[in-house]
Amino acid sequence: MNKNKLDRINEIEQEIKVIDKFLERKEYGIVLRKLKRKFRLSLKTKAYGILGSREYVAPSVIVDEIVKVLINRKEELLSEQKELWGS
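Residues numbered from 1 in each chain as written. Predicted model: local features only at pLDDT ≥ 70, side-chain atom pairs only at ≥ 80, totals over all residues. Heavy atoms only, no water.

Participant: Is there a simple way to explain the pattern of salt bridges in this structure?
Facilitator: Side chains that differ in sign of charge can pair as their charged atoms come close. Counting across every chain of the model gives seven salt bridges. Arg 73 is paired through a salt bridge with Glu 15; the nearest N and O atoms lie 3.0 Å apart. Here Arg 73 is found in helix H2 (residues 60-86), whereas its partner Glu 15 is found in helix H1 (residues 3-34), with 58 residues between them in sequence. Under the relative-accessibility criterion, Arg 73 is labelled partly exposed at 29%. Take Glu 15: its relative accessible area is 28%, and that puts it in the partly exposed class. Salt-bridge contacts for Glu 65 lead to Lys 68; the nearest nitrogen and oxygen are separated by 3.5 Å. Of the two residues, Glu 65 and Lys 68 are both situated in helix H2; the distance of three residues between them amounts to about one turn of the helix. For Glu 65, a relative accessible area of 42% gives the class partly exposed. (Salt bridge = Lys/Arg side-chain N within 4 Å of Asp/Glu carboxyl O. Helix = DSSP H or I, 4+ residues; strand = E, 2+ residues; numbered from the N terminus. Buried < 20%, exposed > 50% of the residue type's maximum accessible area, 1.4 Å probe, protein only.)

This is how it looks when you write it as structure tokens:
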């Protein structure tokens, strides 16, 4: 195994950790939803000059689609990582 493959495996591992953290928070949000609280995914712009910051709260439909994309991405990364370990 060369250094490039090992570096790529480490990059994949870091990205998987970030995805897992997001998905764990989403699962926590599902529990909170049952307790009448909401899981929010919001996008916030930075303030610039005289313009203040704004926050956009994504609807649950969009959040669900984002979760699906992240799960698919995680599966792709895991298969790539297995392939790199095997070769």
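Next comes the rest of the write-up.
Participant: Looking at this model, I keep getting lost on the environment of Lys 44. Mind explaining?
Facilitator: With respect to the helices and strands, the residue Lys 44 is situated in strand E1 (residues 42-44). The spacing of Lys 44 and Val 57 is 13 residues in sequence and 8.7 Å in space, taken between C-alpha atoms.

Participant: Help me understand a nonpolar patch on the surface in this model?
Facilitator: Together, Leu 43, Tyr 56 and Ile 62 give the surface a local cluster of nonpolar side chains, amounting to about 300 Å² of exposed area. Note that Leu 43 resides in strand E1. (Patch = residues over 30% accessible without salt bridge, like charges linked within 9 Å, V, L, I, M, F, W, Y side chains within 5 Å. Areas by Shrake-Rupley, 256 points an atom, 1.4 Å probe, with all protein chains shown as cover.)

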